[in-house]
Amino acid sequence: MAKFSRGTVKDFAGFDARTDAEALRKAMKGLGTDEEAVLKILTSRSNAQRQQIAAAFKTLFGRDLVDDLKSELTGKFETLMVALMRPARLFDAHELKHAIKGAGTNEKVLTEILASRTTAELRNVKQVYLEEYEANLEDHVTGDTTGYYQRMLVVLVQANRDPDGRIDEGLVEQDAQVLFKAGELKWGTDEEKFITILGTRSVCHLRKVFDKYMTISGFQIEETIDRETSGDLEKLLLAIVKCVRSVPAYFAESLFYAMKGTGTDDDTLIRIMVSRSEIDLLDIRREFRKNFAKSLHHMIQKDTSGDFRKALLLLCGGDDE
């Protein structure tokens, strides 16, 4: 895997798995738990280092660290700590499996992960899904969704988006015209054209298509999608467009709406903060500050409480006020 450098969480210098394992055991042993000690260690170690701590924990004490966390902690703080312990390569597959499992589908999770991950990441997710759950991700997705939403997801799951390369201006013009004719100029919408173009063209090509579309139609492509589609398909197409424009801006917006208004969407908050902490959380913070005139740190501070808040703020890593 490529090393990302725009995360807030990095390998801890002077790391010693045994020392950390012993400190965690001490924090959870006996009556009461020292939550502060737990969160300070887990938020300041990289995912790879957390796996070494879990191995040392088992070696030293014959106990499973994740099981101990689950029995000693509660609520969303527990969910966050357990999410931090999940091996990075399993994270997306696990989230997708749980989005599909049981009664009702969590479309928000399917949309977020399948729209935002790179082709290489999606190929990895499919592989891990098969290894872990002995099932094809595509089969589970199709078994649980319908209509054009399902078709768009299936296209994304193929992970065959064109790689970025030389831009063919002729094809840019053609795609922009096709989208214009399929949406604004048509009575009803030709969803299939949107699905094919948004699901298979390269990111740099699509950015040019969106600019050209604006020139031809006088609309941003988002406005057309908003008018011409609805429900889960609309949310998925918009997520793809936003991720083509800027993945960090897409996540900044998702975090903002997870905390805006009454109640907090803790699952989304946890999923994004954990999954992006070693990839691009610094960029997400920058986009958040730029687009919402407040820092991510400030909004977490205001919207959460207790150990959950302390841990999220440490993952956030700094205030951009």
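These numbers come from a predicted model, not from an experiment.

S.K.: What exactly am I supposed to notice about the packing of helix α15 (residues 231–245) against helix α16 (residues 247–259) here?
M.R.: Any two packed helices are characterised by how steeply their axes cross, that is the angle between the axes, and by the distance between the axes. The contact between α15 and α16 brings their axes to 5 Å, and the two run at 130°. Viewed along their axes, α15 and α16 adopt a mutual orientation that is oblique. Contact residues: Ala239, Lys242 and Cys243 in α15; Val247, Tyr250 and Glu253 in α16. Taken together, the residues that form the contact of α15 with α16 break down as 4 nonpolar, no polar and 2 charged.

S.K.: Can you walk me through unusual backbone geometry in this structure?
M.R.: The backbone of glutamate 134 sits at a positive phi, close to 50°, despite the residue not being glycine. Along the chain, glutamate 134 turns up in the loop between α8 (119–133) and α9 (137–144). Backbone geometry at alanine 293 places phi at a positive 55°, although glycine is not the residue there. Summarising the element assignment, alanine 293 is placed in the loop between α18 (281–292) and α19 (296–303). Assessed through its relative accessible area of 62%, alanine 293 is described here as exposed.

S.K.: Would you explain the pattern of salt bridges in this entry?
M.R.: A pair can form between side chains of opposite charge whenever their charged atoms are brought close. Inspection of the entire model under this criterion finds 22 salt bridges. Between glutamate 287 and lysine 290 there is a salt bridge, with its nearest N and O atoms 3.2 Å apart. With glutamate 287 and lysine 290 both in helix α18, this residue pair falls 3 residues apart, about one helical turn. Among the residues examined, lysine 290 registers a relative accessible area of 60% and is labelled exposed. Taken together, the salt bridges that share partners define one network made up of Glu36, Lys40, Asp307 and Lys310.

S.K.: How should the packing of helix α6 (residues 88–100) against helix α7 (residues 107–116) be read in this particular structure?
M.R.: It is at 9 Å that the axes of α6 and α7 come closest, and there the two elements cross at 150°. In terms of orientation, α6 and α7 fall into the roughly antiparallel class. Handedness of the crossing formed by α6 with α7: left-handed. Facing Asp92, Glu95, Leu96, Ala99 and Ile100 of α6, the residues of α7 in contact are Val109, Leu110, Ile113 and Leu114. Considering only residue class, the contact of α6 with α7 consists of 7 nonpolar, no polar and 2 charged.

S.K.: What exactly am I supposed to notice about the side chain of histidine 94 here?
M.R.: Looking at the secondary structure, you find histidine 94 in helix α6. With residues near it in sequence (within four places) discarded, histidine 94 still touches Arg86 and Tyr133.

S.K.: Looking at this model, I keep getting lost on the side chain of glutamine 49. Mind explaining?
M.R.: Residue position: glutamine 49 is located in helix α3 (residues 47–61). Polar contacts involving the side chain of glutamine 49 include one to the main-chain amide nitrogen of phenylalanine 12, which spans 2.8 Å. When residues no more than four places from it in sequence are discounted, the contact partners of glutamine 49 are Lys10, Asp11, Phe12 and Phe15.

S.K.: Sorry if this is basic, but what is going on with the nonpolar core here?
M.R.: Soluble globular proteins tend to pack their nonpolar side chains together in the buried interior. Core analysis: the largest hydrophobic core is formed by 95 residues, its most contacted members being Met81 and Met273. Setting aside chain neighbours within four positions, we find methionine 273 in contact with Leu255, Leu281, Leu296, Ile300, Leu312, Leu315 and Cys316.

S.K.: Help me understand the packing of aromatic side chains, please; the structure alone is not making it clear to me.
M.R.: Centre distance and the angle of the planes are the two values used to describe a pair of aromatic rings. The full count for this structure, using the stated rule, is 8 aromatic pairs. Taken together, the aromatic side chains of Phe256, Tyr257, Phe288 and Phe292 make up a single cluster linked through ring pairs. The cationic tip of arginine 45 hangs over the ring face of phenylalanine 12; the distance from NZ or CZ to the ring centre is 3.8 Å. Positioned above the aromatic ring of phenylalanine 219, the side-chain terminus of arginine 227 is 4.2 Å from the ring centre.

S.K.: Teacher, can you tell me more about the layout of surface pockets here?
M.R.: The method is simple in principle: a probe with the dimensions of a water molecule rolls over the atoms, and the space it marks as empty is what remains. Approximately 560 Å³ is the volume found for the second largest pocket. Lining the second largest pocket are 30 residues, with Ser116, Arg117, Thr118, Thr119 and Val203 positioned closest to its centre. Contributions of two or more residues to the lining of the second largest pocket are made by α7, α8, α10 (147–157), α13 (203–217) and α15.

About the criteria used
- Residues numbered from 1 in each chain as written.
- Predicted model: local features only at pLDDT ≥ 70, side-chain atom pairs only at ≥ 80, totals over all residues.
- Heavy atoms only, no water.
- Axes fitted to C-alpha atoms, helices over the stretch in contact; angles between N-to-C directions.
- Helix = DSSP H or I, 4+ residues; strand = E, 2+ residues; numbered from the N terminus.
- Parallel < 35°, antiparallel > 145°, perpendicular 65-115°, else oblique.
- Contact = heavy atoms within 4.5 Å.
- Nonpolar A, V, L, I, M, F, W, Y, C, P; charged D, E, K, R; others polar.
- Buried < 20%, exposed > 50% of the residue type's maximum accessible area, 1.4 Å probe, protein only.
- Salt bridge = Lys/Arg side-chain N within 4 Å of Asp/Glu carboxyl O.
- Left-handed = near helix turned anticlockwise from the far one by under 90°.
- Polar contact = N/O pair within 3.5 Å; in protein donor to acceptor, adjacent residues only side chain to side chain.
- Core = buried A, V, L, I, M, F, W, Y, C linked by side-chain atoms within 4.5 Å.
- Phe/Tyr/Trp six-rings, centres within 6.5 Å; stacked < 30°, edge-to-face > 60°.
- Lys NZ or Arg CZ within 6 Å of the ring centre and 35° of its normal.
- 1 Å grid on protein atoms, 1.4 Å probe; cavity = no way out; pocket = protein on both sides within 12 Å on 5 of 7 lines; lining within 4 Å.
- Points joined across faces, edges and corners; volume = space filled by probe spheres on them.

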